[in-house]
Structure formats: C-alpha cells, structure tokens
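# Notes for the structure review
Here are the chains, one letter per residue:
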Amino acid sequence: MIVRKNDRVVVLGITGKQGTFWTEKMIAYGTNVVAGVNPKRAGETHVGVPIFADTAEAVAKTDSEVAVMFIPPPMAKEAAVSAAQAGIKLLVVLTEHIPAQDVMAMHAAAAKHGTRIVGPNTAGLVTPGECFVGIMPAFVPSVFKAGRVGVISRSGSLGTLVCLNLTRAGIGQSAFIGIGGDPMLGTTTRDALEALDRDPKTRAVVMVGEIGGTLEEDAAEYAATMKKPVVAFIAGAASPPGKRMGHAGAIVIGDRGSYASKRKALEKAGVTVLDTPSGVGEALKARLGARQHA
Amino acid sequence: MNFEEYAAKSLVLTPAGVPVPRGTLCISAAEAAMAAANIGPCVVKAQVPAGKRGKAGGIKLAAGPDEAKAVASQILGMRIGDYTVERLLVEEQAEIAREFYAAVLHDVAARKPLILFSTDGGMDIEDIAAAKPSAIRRLLVDIDGRPSAADVAAMLRGLHLGEAGEQIAHILDRMYAAFRAHDAELLEINPLSLLEDGRVVALDCKFVLDDAAVYRQPDIAKSGAAVAMTALEARGVAAGLKLIQLDGNVGVLANGAGLTMTTMDVIRHFGGKPANFLEIGGEAYTKSEIALDLVLSNPGVKSLVINFCGAFARTDVMADGVVKAWHKLRPKVPVFFSIHGTGEEEAVKLVRDELGIEPYDFMEDAIQAAVKAAQ
C-alpha cells in the first residue's frame, strides 16, 4: 500500500468535478495516471488521459494495477466489485457514506480476487517526492517532504496537520497511508504498520488514530514487536461518549473504543503517545536519538 | 437511525414473517383503555428509542381497560433517557416459558453480517456475554449468500431447544432476510420468547437502520424515531451539517472529523472547554458560511477557533465562505485562525485582506489564544 511513481493508475469517475481536479493534481505531482473510466465517454481523452468504458477494458489496454474511485455512494459497490473482478491489485476508495452492507460486499469481492482495498472514506496515499493517489495536498511543500518517517492516519485533515508538523520540524516522510474513517476498512492500522515496518526506506512511524473501534489496540500488539520507534496521537480525548463524531467509526460505546483504552494499549507496547500534535517532531527526534545511543 | 419497538415490529418483523404479540399503538390513556378492552390482560409499553424502559417504569402490566388507562396516564409524559413518552404500545400478555436472545448485526472485524443467538435472553447481550459466554452462539454469513439451513442447525446444535428449535431456526432465517432487505445495522429480538402454548414470539425488538442507507429505505425511514437534539443541532441537521452542542465556551469550526476532534482535545489540553463539535469536511467543506452562523448562534460561545487543514477540503473555498458570513454577521467574539494545506496561500490572503486578521502559524497557538480570550 506504499505507492510508487511507476505504479499504473486508473481513475474511476475521472470526468466529474472532483475527479478532474484531483487527476490533474496527481499527474502534475508525478503519479502515473494511465487510464480513466466513464462508460458514456469511452474513446475520448480527458485531462490528457484515455477514457475506457469499464475497469476491465482499462486494465486490458493499459495494464493498470492501482485504481482510485471518485464515485458517489450509490454506485460505489458496483464500481469496486468491477475493479476487483478486473484484477486491480490496490483499490483506493475515497467515497464516504457507502451503505455498510455494500461495504461488506466490496470487501468480499476484494478477498475473492486478491485486491487490497484502502478505505472506504480514505484521503488516499502519498509517497512524497514520487506520487500520490487520492485527495491529499501532496503538492503543498509546507506539508509534505520526502524523508524516512511513515505516517498512518484515519483522518485526512489530521494526517495533513501531522505531516505539516513533521515537515516544519525538518522531518520528511517516506509514505503517508490514509486508512479511512469508516468502521469496516480494507486496510487496518496494523496492516499499514506492518507495511511500514517492512519498508526499508522507513525508519520510524507516526500513527494518527482516533476514538472508536479497536484499530489502535490491534496495532499496539504489532508495535510491541517492532524495532522501529512508533509515536502516536489519538484524537477524541475530549469527545463525549455515545455520540458519533463525524466519522462513522468514531464512536465510543462503553469502554470499547475509548481514548483511555487506546492510550493504555499503545503505551504498554512502548509507543510514545502525544498530548497534542505539535510535539510530534520532538518526540520522534528523542526516540530516534535514543535508538542511536542504544 | 433508530426505531421505536412498534415500528420495528410492524415494519420489519411482521412483513418478514416473525411472530409478534397482538398489539395496538396508542397516544392517549383513553386509547389505551380501548385497546385493552379488545386485547384483554395486557402490557403497556412506553415507545422511546432508548433502552432500560422497564427499569425506568415505562413498562407496566394491566388486567383490563381501567388499569390500562391508569398506567397509561402514568407512563405518558414520563422522561426516559433523553426522550419524553408520547406513544404507547398496548400488547397482549404472554405466558412465558423461556426467554432467548437473537440478533443480526455487523461484525466490524470480520466485515460480515453476524447472527447471534443465546439461550439466555431478557438482559443485555453484554451482560449475557460476561455472565454466561457459553450460552451465546455466533454465525458469520457471507454477504453474497445467506445462512444455509445446515449452518443454522449447526449453530443451534446442543442447546436443548426441543420443539422450539425449528421455529427459532426459521425466525433466524427471516431475521437475516429482513436485515439484508432493510439495510439494518442491528436487528435484535430480546427477549425472543417460548410461550407456554409452544409458540416462539418476539416480545421486544430493536431495529437500527444504517444512516448511510437511509436514501434507499424511504418507506421505513419516514417512521424513524426523532433524535433528541437542541434547537441549534436541529438547524445543523437542516443545513446538512453534524453539530453537537457542548457545555464549553470556545467555539470550534474545523474541517474533517479528525481535525475537529483534535481541536477540541487541544482546547481541553490548555484548560478550556469546547462549545461544540462541528465539522465541514468531505463534501460539506463548501458550507463554511452557514457553519460560521451556527457556531456563533451558540449563546455560550466566548471565543472561536477556525482551524482548517485542507486535504480534499480546499481552504480557499472554506475561507471564502467564512469571509462572506463574517460580513453579514459581524462576530462579537474574538476569532482565532489557523490555516494550512490545499489552497492555503489564497485562504490566508483572504482572511488577512478581508478581515484584517493574521492566522496563527501553529494551531496550538491559535487555540491557546482562544482559550485565554474565553476566560
């Protein structure tokens, strides 16, 4: 789930307003966008990209392996299932508010065809200096800078803030992995942590979590086994329990999903947990420095 | 979206073929008396989308019309949780032999539907899980298929259900069909009761409709229970924005759920209290004009943080909306900005030129200043 500049990307829903805006941004940044899909405009080109009738044709003609969806919720299931059937290896689902039973069907199709889904409701993936897939401000130089720290975030806006703080502290990023704000995700915090642990360019990880679910608790189990240092910020300490805080996944029911439960699990695993996002640079420097001395 | 018991039974269970007691929905004590005259010995049940109705005194037995009228008068108008009781379900009394638990819900970790059944019913599933985990059986279902008769039989094997077993298997199958047909997030029957006459009947039912699927369940959604909310929160809903009013005095306007929660956290970190949760992330980022109006309409607000970190949400578009609203509303409380990400140059320039305010470079500094100004 770390995207590379040679990855061949197909944009589903390329001709819409957002599809157009972000495809232009992706191409300008260096993403290898080789195809777009819109059944009504097959054969045309749009923002310089050839358009195909469906994902299967786009894959057959352009050998694309990565797909990103700018598709509204009612059509999202069909688009995702078709992409999985077409042999897409990595499917980035930006769409928010997809009915949960449709999301289950998307995951079932992905499992059957060997597709990795990132999302739903993700802001996407960024490899600073190479390319990005999604709706992140990779092209804003104050936010992203190439380097060696991997960032995992459920939230696009908060992930952006954390990358901004890293860049301001002089720390570049090896990869940003937006996993999404939905409760049922194709790629979990733990999956992303494992990928960054294996990535030779990454030497430390920042985990940006939030209340709700058990993603951070599950990831903590893996973090305990890692040699690379992990620093985390968990949003939602001041959120009232029992209310859904914007993201469908961000709700505390009883103790499950609570800030306290996540912080405890992460600290027990040796993860540095920050009180506010501004200290991320210092905390990383301290952890990396300590390791060098160790 | 939550539903009251009567709606869950009449819109979901009955059409699916799950047996429920005979009952009538009533909105007055006189109607409850009439219903009792038809039904005989009955149960009068408060209809609110909240749990613990029995403990709150919202469920009472009545032998006949006079008693039904008396208990209905007690229950109507009662507060249960965040709700005032305005409707009653008057149902025939049941001679209960055994109480079970049955539900179909989302297994978030498995990303599949999950059927739950327990031989112990009538209490919360969390309590059953804690007290007697061996009583609970689980069956994960492939979303593209349905539970086979053999799967259900295997799930129930060894539970000594006797003649009720066949009826329960049928009910679980029907519940799953209803769960799929109506985009349920949760369909729960608790208790599912074996009566003295041998019938298995749903005595209570909870149905939660997936909020993301409301658009394709219009017939059912119009019977959804009202959500308890403040007048300001209702204005937020009308504008298509998620607003939660809190008891603090530092107003929050940010984009994205994660950044908004973080803004609240940092307010608390510096000793302040947030006045609201309100985010204009995702497609809603174009609604900053109405959002500023909403935040400033909260009488508790003494200062305001506007914190934008644009990814998909373009900060130039959000700042433009804020500037427009600002010229109309003329905020009387101090406002502190922090703006970064997509469109930040244009956004910072707009706020600087149009409002004469210099955004803070660090979000923490903007928030700290807002907390201080609110004290």
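Residues numbered from 1 in each chain as written. Chains lettered and ligands numbered in written order. Predicted model: local features only at pLDDT ≥ 70, side-chain atom pairs only at ≥ 80, totals over all residues.

### Thoughts on the overall build of chain B
Within chain B, the regular secondary structure consists of 13 helices and 17 strands. Taken along its principal axes, the extent of the C-alpha atoms in chain B is 80 × 50 × 35 Å. Buried positions account for 47% of the 375 residues belonging to chain B. A sequence separation of at least 24 residues applies to 70% of the contacts in chain B between residues at least 6 apart. (Helix = DSSP H or I, 4+ residues; strand = E, 2+ residues; numbered from the N terminus. Buried ≥ 20, exposed ≤ 12 C-beta atoms within 10 Å, placed from the backbone. Contact = placed C-beta atoms within 7 Å.)

### Examining the interface of chain B and chain A
Facing 48 residues of chain B, the contacting portion of chain A comprises 46 residues. Put simply, the parts of the chain that give the side of chain B that touches chain A at least two residues each are strand S8 (112–118), helix H9 (257–269), strand S16 (303–310), strand S17 (335–341) and helix H13 (363–374) of chain B. Split into classes, the residues belonging to the side of chain B that touches chain A amount to 21 nonpolar, 13 polar and 14 charged. (Nonpolar A, V, L, I, M, F, W, Y, C, P; charged D, E, K, R; others polar.)

### A few points about the packing of H9 of chain B against H13 of chain B
All names here are of chain B. As a packed pair, H9 and H13 sit with axes 9 Å apart at the nearest point and diverge in direction by 55°. As judged from the angle between their axes, H9 and H13 are oblique. Two packed elements cross with a definite hand, and for H9 against H13 that hand is right-handed. Residues Thr 263, Val 266 and Ile 267 of H9 lie in contact with H13, whose contacting residues are Met 363, Glu 364, Ile 367 and Val 371. Partitioned by chemical class, the residues of the contact of H9 with H13 number five nonpolar, one polar and one charged. (Axes fitted to C-alpha atoms, helices over the stretch in contact; angles between N-to-C directions. Parallel < 35°, antiparallel > 145°, perpendicular 65-115°, else oblique. Left-handed = near helix turned anticlockwise from the far one by under 90°.)

### With respect to the confidence of the model for chain B
Taken over all residues, the pLDDT of chain B has a mean of 94, while the share at 70 or more is 100%. ipTM for the predicted complex: 0.92, alongside a pTM of 0.94. (pLDDT = per-residue confidence, 0-100.)

### Observations regarding the sheet that holds S17 of chain B
All names here are of chain B. Strands sit in the order S14-S16-S17 across an open sheet of three strands; the sheet is parallel. Among the strands making up the open sheet, the edge pair consists of strand S14 (250–254) and S17. Pairwise comparison of adjacent strand axes, ignoring direction, gives a mean angle of 10° for this sheet. Pairing of S14 with S16, which is carried by five bridges, proceeds in the parallel orientation. (Pairing = 2+ DSSP bridges.)

### Digging into the pairing of strand S10 (residues 146–153) of chain A
Residue and element names in this part refer to chain A. The buried fraction of S10 is high, at six of eight residues. Inspection of the sheet shows S10 paired to strand S11 (residues 173–178) by six bridges, in the parallel sense. Across the sheet, residue Ile 152 finds its bridge partner in S11, namely Ile 177. Each parallel crossover has a hand, and for S10 linked through helix H5 (residues 156–168) to S11 it is right-handed. Pairing of S10 with strand S12 (residues 204–210) involves five bridges; the strand directions are parallel. Paired with Gly 150 across the strands is Val 205, a residue of S12. (Right-handed = clockwise from strand over helix to strand, strands pointing away.)

### Looking at the domain arrangement of chain B
One can read the domain layout of chain B as domain 1 (22–92), domain 2 (96–221) and domain 3 (231–374). Computed from C-alpha coordinates alone, the two centres of domain 2 of chain B and domain 3 of chain B are separated by 44 Å. (Domains from an automatic or database assignment.)

### Some points on the pairing of S17 of chain B
Residue and element names in this part refer to chain B. Here S17 lies mainly inside the structure; seven of its seven residues are buried. Note: S16 against S17, seven bridges, orientation parallel. Within S17, the position partnered with Asn 307 by the bridge is Ser 338. Since S16 and S17 lie parallel, the crossover through helix H11 (residues 315–329) that links them has a hand, and here it is right-handed.

### A closer look at helix H3 (residues 73–85) of chain A
Residues and elements named next belong to chain A. The end-to-end C-alpha separation of H3 is 19 Å, in line with the 18 Å expected for 13 residues at 1.5 Å each. Among the residues of H3, Ala 76, Lys 77, Ala 79, Ala 80, Val 81, Ala 83 and Ala 84 are the ones counted as buried. Of the surrounding elements, those touching the buried residues of H3 are strand S1 (9–12), helix H2 (55–62), strand S5 (66–69), strand S6 (90–93) and helix H4 (100–113). Just downstream of H3 lies Gly 87, where phi reads positive at about 95°. (Expected span 1.5 Å × (residues − 1).)

### Brief notes about helix H1 (residues 17–29) of chain A
All names here are of chain A. Between its first and last C-alpha atoms H1 spans 19 Å; for 13 residues at 1.5 Å apiece the expected length is 18 Å, and the two agree. Regarding H1, the residues found buried are Gly 19, Trp 22, Thr 23 and Met 26. For H1, the buried positions fall inside an angular range of 110° around the axis, keeping them on one side. Those residues of H1 that are exposed and angled more than 90 degrees off the buried face are Lys 17 and Ala 28. Residues of H1 that are buried make contact with S1, strand S2 (33–37), strand S4 (49–52) and strand S9 (131–134). In the stretch just after H1, Gly 30 is the one whose phi turns positive, near 125°. (Arc of directions from axis to C-beta.)

### Considering the domain arrangement of chain A
When the parts come together, some accessible area is lost, and that loss is often what is quoted as the size of the interface. All names here are of chain A. Per the domain assignment, the segments of chain A are domain 1 (9–118) and domain 2 (140–293). Taken together, the contacts link eight residues of domain 1 with six residues of domain 2. Here the side of domain 1 that touches domain 2 takes five residues from H4, the largest share from any one element. Of the residues in the side of domain 1 that touches domain 2, the class split is six nonpolar, one polar and one charged.

### Points about the nonpolar core
Core analysis: the biggest nonpolar cluster contains 219 residues, and Leu 12, Met 69, Ala 80 and Leu 91 of chain A together with Val 44, Val 90 and Ala 102 of chain B have the highest contact counts within it. Top contributing element to this core by residue count: helix H6 (residues 164–181) of chain B, with eight residues. (Core = buried A, V, L, I, M, F, W, Y, C linked by C-beta atoms within 7 Å.)

### Let's talk about the environment of Thr 119 of chain B
All names here are of chain B. Looking at the element boundaries, Thr 119 is found in the loop between S8 and helix H4 (125–131). With 19 C-beta atoms counted inside 10 Å, the residue Thr 119 sits in the partly exposed group. Taking the C-alpha atoms as reference points, Thr 119 and Ala 32, 87 residues apart in sequence, are found 33 Å from one another. Non-local contacts of Thr 119, meaning those with residues more than four positions away in its chain, are made with Phe 100, Ala 135 and Leu 159.

### Section: unusual backbone geometry
Going from Gly 119 of chain A to Pro 120 of chain A, the amide bond is cis rather than trans, its omega being 10°. Its location among the elements puts Pro 120 of chain A in the loop between strand S7 (116–118) and strand S8 (124–127). For the peptide bond that leads from Asn 190 of chain B to Pro 191 of chain B, omega is 5°, which places it in the cis range. Tracing the backbone shows Pro 191 of chain B in strand S10 (residues 184–195). One non-glycine residue, His 160 of chain B, adopts positive backbone phi at about 55°.

### Description of the sheet that holds strand S1 (residues 23–26) of chain B
All names here are of chain B. Here four strands make up an open sheet; going across it, the order is S1-S6-S2-S3 and the pairing antiparallel. The open sheet has two free edges, formed respectively by S1 and strand S3 (59–62), since each of these has just one partner strand. Across the sheet, the mean angle separating the axes of adjacent strands is 20° when strand polarity is ignored. Pairing geometry for strand S2 (residues 42–46) and S3, over four bridges, is antiparallel. Its bridge partner lying in S3, Val 43 is registered against Leu 61. With respect to the sheet, helix H3 (residues 65–75) is in contact with S1, S2, S3 and strand S6 (88–92), its orientation differing from that of S2 by roughly 15°.

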